[in-house]
Structures are given as C-alpha cells and as structure tokens.
Amino acid sequence: LAQDAKPAPRIHEQYISVHALPNEPINAWLKWDEGFQFDNLILRSDNDVYIPRLTNVMEEVWASNPDHYGGLFLIDSKYLEVDGFVGFQGHFTSIPDSDKKISFYIDFVRNNERVHQVELTTTVIVPGMRVRSDSDLNLMLSEDMMTQELSLDLTLEKIGTALVKDLDMFINIHKESENLRLDIYTETQKEPALSSAGVRSHIKITGSGYAVVKMGFVYKDVLNNKYRTNTVELILTKRVLGTAEIPVRSRLEADVPLIVARA
Amino acid sequence: MPSEIFSQIFESFKVANVVIDYLKHTGIKFDRSAILDHDNQLLRFRYGLQLGAKSTRTEEFARKVKAKLASKLEIAAANPPMVTTLPNLEDVSPYVVTSGSSTTIDIGEVLDKVSSEILVIEFVQQLTPLARDHLFPIPHSFRNPIYGPNKVVEIPVEMITDYGSFWHKPYDSFVIRNVKKEGGVHYLEQEILQLVPEEVKKTIVECQGAKTLSSQVARQLTQIAAASAGFRAFANDLEIREQLTRAVTTDKPKNVIVLGVRGSVREMDIKGHKIVIPHEIIYTIALELEGKELAASAKIFMDIAQVDEIVRNLANKTF
C-alpha cells in the first residue's frame, strides 16, 4: 500500500474570495511546500468563468493557453516564477437566478497522473428577489366594487444575499379588449427604499372589457448587473362603464436591510 | 506582460541586481532587503555586509576579498546611496565617491579602515506607477459587503503580488507597505428611519405614501428638511469622524491599518423637499505585506450598531 501512495504536496494555504458578484473579480491562491516535484498544474472550472490573470507565472503560460474563457489552464511547473505558489483571478460571467456555489480545481500532475487535487469553492451572490401578490389577481370590477377602495398589494421576497440597487416596478399591458383602456401612472419614486412599503403605481381603468396585466420589478446589484423578478399576472374584467383606479403597493419582506440607495 | 512594462520593472531592479552580483563575487556574507512604498512608488534596497569586527577580521579574509575585487562597486542610481557602518556610525565618505548619477564604493578600503562589523548600503529607485501596479496590483475589496449578525458589516480585502521572480528569491525580506485603499459602505436608508424621532418618521412615511400633502404636513416636511441640515455633521464633524473610526476594526492588524473613517451625506427628495441624510461610511486603510508574503487576505469589520448610536445622537440634536 505504501508503495502505491502518491506523494502529495503539503498545502500551506489555500484561499479563494468568500463571495463575489457576477463579473466581480474572484481572487484565489495556493501555497505549498517548496521543492515538491510535479510536471504540471491544471487549473479548471466547469462554470462560466473568465480567467484574465494568473499571478507569478511566466509569459509562456499565456502563450500556451490562449483561451481565457474555456475554464482550463495547463501550467508547466517550470513556468512558475516562485516555487510553491500560484494565484489566479477569475470572473463568473453569467447571472444566476440565486446565490450559486462555484468551484475551481487545481490538479498537480506528475507522469501524466494526477497526484493531488485542490478544490476552491466560492459563492457568486446575487440580489435575487421574487414577487408575489397578496391580492386576488382575478379582479372583476362590478357596480358595487366601483365604490370600494381598491388596491393591489405585491410582496417582494429576498432570495439572494447581495444588496439591491435601483429597484423599479414595471407594469406591462399584455392584452386589452377594444373597449377597455388602461393607463399606468408610475410615481417617480426617487426614494423607493426609505420605507419598505409604498404606492408604486396606479392603474386607471376606463371603459369596459378585460385585460391582462403583467407586473414585476427590475433592479441592479452594486456593480450594475441587471436583474428582473418573476412577474405576477393580473386578470381584469370590468363590466360597467366609468373610471376606476387601482393603486399598486409593494412591500419588502426581509429580515435584514438589503436595499441601498440609488447611486 | 507587454515588453514596455517588463523593461520598466527590469530597469527598476537592474541596479540592485548588479549590486547583488558584485557582492556575491566578493565572498562577503550579506543580507538584502527591499521595501516598496506603494503610495509614492519608491523602492528602497538595503544591503548589510558582514565585515566582522576589525579585531577579529583576519588579514586572510581581507586579502581574499580584495583579490576578488577587480573594480569598485558602482551604483548607478539617480539619488546617491546612503552608506554607513554599524554599530558605530563611522565616516565612510572618503571611500564613497559620487559623480553625477553614479556612485563608487571602495569596499577594499572600507575593509582596511573601518572597525565596525557591518557596512550598510541603501539606495532607492523610483518605480513607474505602471510597473508598481503590475508588481503589486491594487488590492481588491468587495463591492458588496455582507451585513452579518449583530449589525456588523464584513468587508474582505485581498492582496496579491505578481512577477515574484524579480524579488522573491533575490531578497531575504521584501516588504510592501502603505498600500492605500478607500472604500465605502452605504448607510442603509431603511435604518435611518428607525433612528430619527418618532414624529419625524411618521411624517416622512406619510409623505412618501401620500398623493398630495395637506398644508399642515407640508409645513412639517419643510421644518424637517430645514432641520436635517444638522446631519451634515455626519460628514464634517471631527469628533464624529473619530467615533466612526472606532467603529471600524480588522482581524489582521499586521496587514491592515485603519487610517481614518468619515461619513458622507446626501439629499433625499421627498415631494420636492430636500432632506439631508447620512449616506456612506468611507474608510481609508493602508495595507502591508511583510517578509516575502506573496498574498494575504484580511477582513474589515464595521460595527453598524456603533454607527447607529452616532446617527441617533445626531438625529436627537438635529430634530
């Protein structure tokens, strides 16, 4: 058994950034005992990563690894500038729906055989948000309802770790029958986050007929990556003439404050 | 690496490498260290030659060294090197001659004449900002700090060096210091409402939700907007800066020095009224890598509960 054991490097330190936003640099490095004999290091990741920088490697490594988006680098040990150290910088280039763990692997190869593997795992964080409606989304506007105070309440639920910036509601009229007219008034909410609840928009309904309205939110992270929530669908049926107005309110559901000011 | 940058880095180390080659050739034991001041790009090289005390320095040793010295040590540096001896600061000026940007040191004469044990030679080279940033890229701190439990915000900082072949092996110690970095944490708007007096909070919330303002509420809002100018102290008051500085700590004081913390304010528009509110907590840190470290990570902690207390006190004075 002892004869079969592959000699492995003694790793002093392995580090990777604890988290990063999409397209934010992820730094990582590995320190091991000087003098450990191997032929190559293979740096790889199965995810959508861009690796723009390896540190303390010679120019030849770049020449032999021209594809920085492929998630694979082969580093000949003779091209390491410092024995026992390699570092790199990577970026996750996709926008995941929610926080996502990604891994990089560094393999030590000798005689075409992997003698040791180091896994470096980090979390790509996003300001993921989900919207749901606390109101009935199938709204029939009849004579008696026209005198009632109507409102549509949306709840925003936080499903990602990163901070949210520039939160804005969108309301799209998906379908509208001929005799029904919808006008959307969005309040200029320069300070959407100061109080976590507030009226965002009003839907003014004139005439009679039916309409389908889709609502959701767009927002950014602090690096200005853009995101969009799911949408909720309001089905409106109005059987009487006259004008009705429905204020649309939203409420943030989160244990910790997660929204930053507009830049 | 583009050849222009390579040649800039190479030039910065060339003189120092000539000195190392010369001293190695003499057979004198010596230690060598370098310090890079990241802020002003000054790279300071220091060599300590072990001459041994004159009383114990054998003629044989001096003869051997001198036999190897085909020429004097020449240092081509724009600023003349500092040459001195330890432990006694003896006058070595007769053996050091500067002409233009070249200085020669007669090591053989030094060996004959000085009684101290160590000859110290120190000189500086000015790196270009480009070369500096390639050798030691600006450290990374994350744009999205994590708001952790107990209202402590955690900001990771990472420092990583490059082109170690220039300095890692040739030097016993390589220190990179004074790497200044500024960062900020947004003071979350939702928090501010919890810190102002209840009647102020009530008015602001009412105003945000209302389509139109009654004349009474509009008057209240005007008063709040006028009073909110007191929040400007969050950015300007020196005592508040000191209090904010106390709210920022690090897990690696060896690598991170907190130089100062200040606040900033911004104007928030509510129904046409400009209300001043605390906006950002801006920290300035100096980072340091010692003893040939190739990379290091650290965490900066910002105690938001302490900042809340500062804002609450200020709000009570303001409104």
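Residues numbered from 1 in each chain as written. Chains lettered and ligands numbered in written order. Predicted model: local features only at pLDDT ≥ 70, side-chain atom pairs only at ≥ 80, totals over all residues. Heavy atoms only, no water.

All names here are of chain B. Ordered by their spatial adjacency, three strands build an open sheet running β3-β6-β5, and the pairing between neighbours is antiparallel. Either end of the sheet is taken by a strand with one partner, and the two such strands are β3 (73-75) and β5 (96-99). Here the strands of the sheet are splayed against their neighbours by 20 degrees on average, with no regard to which way each runs. For β3 and strand β6 (residues 102-105), the ladder comprises three bridges, and the chain directions are antiparallel. Bridging across to β6, Leu73 finds its partner in Ile105. (Pairing = 2+ DSSP bridges. Helix = DSSP H or I, 4+ residues; strand = E, 2+ residues; numbered from the N terminus. Axes fitted to C-alpha atoms, helices over the stretch in contact; angles between N-to-C directions.)

A few words on the packing of aromatic side chains. By convention here, two paired aromatic rings are described through the distance between centres and the angle between planes. All names here are of chain B. One pass over the structure, following the stated rule, counts 21 aromatic pairs over all chains. Ring geometry for Phe45 against Phe123: centres 5.4 Å apart, planes inclined by 35 degrees, an arrangement best described as tilted. Of this pair, Phe45 sits in strand β2 (residues 42-50) while Phe123 sits in strand β7 (residues 118-126), and the two are 78 residues apart along the sequence. Summarising the burial analysis for this pair, Phe45 and Phe123 share the class buried. Ring geometry for Tyr47 and Phe123: centres 6.2 Å apart, planes at 15 degrees, overall stacked. Of this pair, Tyr47 sits in strand β2 while Phe123 sits in strand β7, placing them 76 residues apart in sequence. Summarising the burial analysis for this pair, Tyr47 and Phe123 share the class buried. Each member of the aromatic cluster is reached from another via a ring pair, and the members are Phe6, Phe10, Phe13, Phe45, Tyr47, Phe123, Phe166, Trp167, Tyr171 and Phe174. (Phe/Tyr/Trp six-rings, centres within 6.5 Å; stacked < 30°, edge-to-face > 60°. Buried < 20%, exposed > 50% of the residue type's maximum accessible area, 1.4 Å probe, protein only.)

Okay, the pattern of salt bridges next. A complete count under the given rule lists 28 salt bridges over all chains for this structure. The shortest N-O distance in the salt bridge between Arg63 of chain B and Glu60 of chain B comes to 2.8 Å. Here the residue Arg63 of chain B and the residue Glu60 of chain B both occupy positions in helix α2 (residues 59-68), the gap between them amounting to three residues, near one helical turn. Take Glu60 of chain B: its relative accessible area is 40%, and that puts it in the partly exposed class. In the salt-bridge network here, residues are joined through shared partners; they are Arg44, Asp46, Asp107 and Arg114 of chain A. (Salt bridge = Lys/Arg side-chain N within 4 Å of Asp/Glu carboxyl O.)

Residue and element names in this part refer to chain B. One can find Gly52 in the loop between β2 and α2. For the pair Gly52 and Gly230, spaced 178 residues apart in the sequence, the C-alpha separation amounts to 67 Å. The contacts of Gly52, once residues within four sequence positions are left out, are Arg57, Ser116 and Glu117. (Contact = heavy atoms within 4.5 Å.)

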